[in-house]
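Structural overview for review
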Amino acid sequence: MKQSLTHSTVLVTGGAGFIGSNLCETLLAQDNQVVCLDNFSTGKRENILPLLASKNFRLIEGDIRNFEHCQQAVEGVEYVLHQAALGSVNRSVKDPQTTNEVNITGFLNVLQAAKNEKVRRFVYAASSSTYGNHPALPKTEDKIGKPLSPYAITKYVNELYAQVFSDLYGIETIGLRYFNVFGKRQQPNGEYAAVIPKFISALIQQKQPTINGDGEQTRDFTYIANVLQANQLAALTTNPAAINTVYNIAYGEATSLNQLFRQIKQHLLPYNASIQNTQPHYGQPRIGDIHHSLASIDKAKKLLGYAPTHNLQQGLAEAMSWYWDLCN
Ligand SMILES: NC(=O)c1ccc[n+]([C@@H]2O[C@H](COP(=O)([O-])OP(=O)(O)OC[C@H]3O[C@@H](n4cnc5c(N)ncnc54)[C@H](O)[C@@H]3O)[C@@H](O)[C@H]2O)c1
């Protein structure tokens, strides 16, 4: 089966964000026509600056809460890779309404526009937060618990809408439940930044990173290359059993925040040996956070042929020089 999208027209919503800009870059390199819809609320112009010169790249500066913008973006598109959303559990706890408007109303707008345009496939960013308080480890797609944050609710509602739309209207959808994605262009600044870029940038600046809680909470850190692969496999699969469902996208290994901190330090030592002496500061646990997170990736392996290429160490090794340049 084909593993990479080529010679296709693809809409990437949220294409100026971390995951979206990596998708746009990869798809352009593979000779696709790429449409990027973004309102730059959390995405950055510099993420897509080098892409703007390509005749195969089209930027639509617009908002997924506006249905007309979504209609305009899907025109002539074969595949939608929907990434636009307000991420961060913490942000959703502080501002559930805006998270709801973007992540649910916005999602519905893109889905409806994609359905009207009769796109071949609608692949969307779902989330491991959907597992909520379910205690089972590793997480398998069919066992979810009670949501622990407004963000988790929105991501679960996305799955429900996708399923109902495929049942009612026949649009083919696939949801990818990402687990703690990291890699180049994930921003280290701001209160809603993710843990890996936060730790890296603090260490580069020889500041003490804050670990919320005791640091023994675990995550299944997933390198961006694995996410790029999963999106393309999801767009391309022709297996009827693989369509209109959701998948865990992760590496399938648990790492505690204390272990993560030590590993990042190791990767930074060649850049600056004095980083060895920096220790973390332990702060309050964050509300809405889950304690342990580890994915079973068996379903994606079996039905999509997903084969992650980078574990945490390999991903950190690849991403570190980008962070070093960013922070220096
Ligand atoms: N990064 C992770 O670890 C992770 C984990 C699980 C799920 N996800 C999901 O993956 C997707 C991409 O996440 P990311 O980490 O790249 O985040 P990001 O914030 O870097 O990217 C999101 C992009 O969406 C755009 N956007 C936000 N609201 C919009 C709106 N109303 N209209 C148009 N564009 C809008 C932003 O400007 C940004 O460019 C999101 O749906 C997120 O919920 C990410």
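Preceding this paragraph is the structure being described.
Residues numbered from 1 in each chain as written. Predicted model: local features only at pLDDT ≥ 70, side-chain atom pairs only at ≥ 80, totals over all residues. Heavy atoms only, no water.

Focus: helix H11 (residues 312-327)
A rise of 1.5 Å per residue sets the reference length of H11, with its 16 residues, at 22 Å; its end C-alpha atoms lie 21 Å apart and thus fit the reference within 8%. At Ala319, H11 shows its strongest bend, of approximately 40 degrees. Among the residues of H11, those classed as buried are Leu312, Gly315, Leu316, Ala319, Met320, Tyr323 and Trp324. The N-capping residue of H11, defined by a side-chain oxygen 3.2 Å from the backbone nitrogen of Gln313, is Asn311. (Helix = DSSP H or I, 4+ residues; strand = E, 2+ residues; numbered from the N terminus. Expected span 1.5 Å × (residues − 1). Bend = angle between axes of the 7 residues up to and from the residue. Buried < 20%, exposed > 50% of the residue type's maximum accessible area, 1.4 Å probe, protein only. Polar contact = N/O pair within 3.5 Å; in protein donor to acceptor, adjacent residues only side chain to side chain.)

What about the sheet that holds strand E3 (residues 57-61)?
Reading across the sheet, the seven strands line up as E3-E2-E1-E4-E5-E6-E11 and stay open at both edges, with parallel pairing between neighbours. A single partner strand is all that each edge strand has here, and the edge strands are E3 and strand E11 (245-249). Within this sheet the neighbouring strands show an average axis-to-axis angle of 20 degrees, counted without direction. One ladder, built from five bridges, connects strand E2 (residues 33-38) with E3; its direction is parallel. Paired with Val34 across the strands is Phe57, a residue of E3. Contacts from helix H1 (residues 18-29) reach strand E1 (9-13), E2, E3, strand E4 (79-82) and strand E6 (173-178), with the element oriented near 165 degrees to E1. (Pairing = 2+ DSSP bridges. Axes fitted to C-alpha atoms, helices over the stretch in contact; angles between N-to-C directions. Contact = heavy atoms within 4.5 Å.)

Structural notes on the environment of Gln259
By secondary structure assignment, the location of Gln259 is in helix H9 (residues 257-268). C-alpha of Gln259 to C-alpha of Glu216: the two residues are 43 residues apart in sequence and 8.4 Å apart in space. Here Ser256 takes part through its backbone nitrogen, which lies 2.8 Å from a polar atom of the side chain of Gln259.

Some details on the pattern of salt bridges
Per the counting criterion, the structure on display carries eight salt bridges. Glu25 is the salt-bridge partner of Arg185, the closest N and O atoms lying 2.9 Å from each other. Residue Arg185 is located in the loop between strand E7 (181-182) and helix H7 (195-204), and its partner Glu25 is located in helix H1; the two are separated by 160 residues in the primary sequence. What you see here is one network of salt bridges that share partners, running through Glu25, Lys184 and Arg185. (Salt bridge = Lys/Arg side-chain N within 4 Å of Asp/Glu carboxyl O.)

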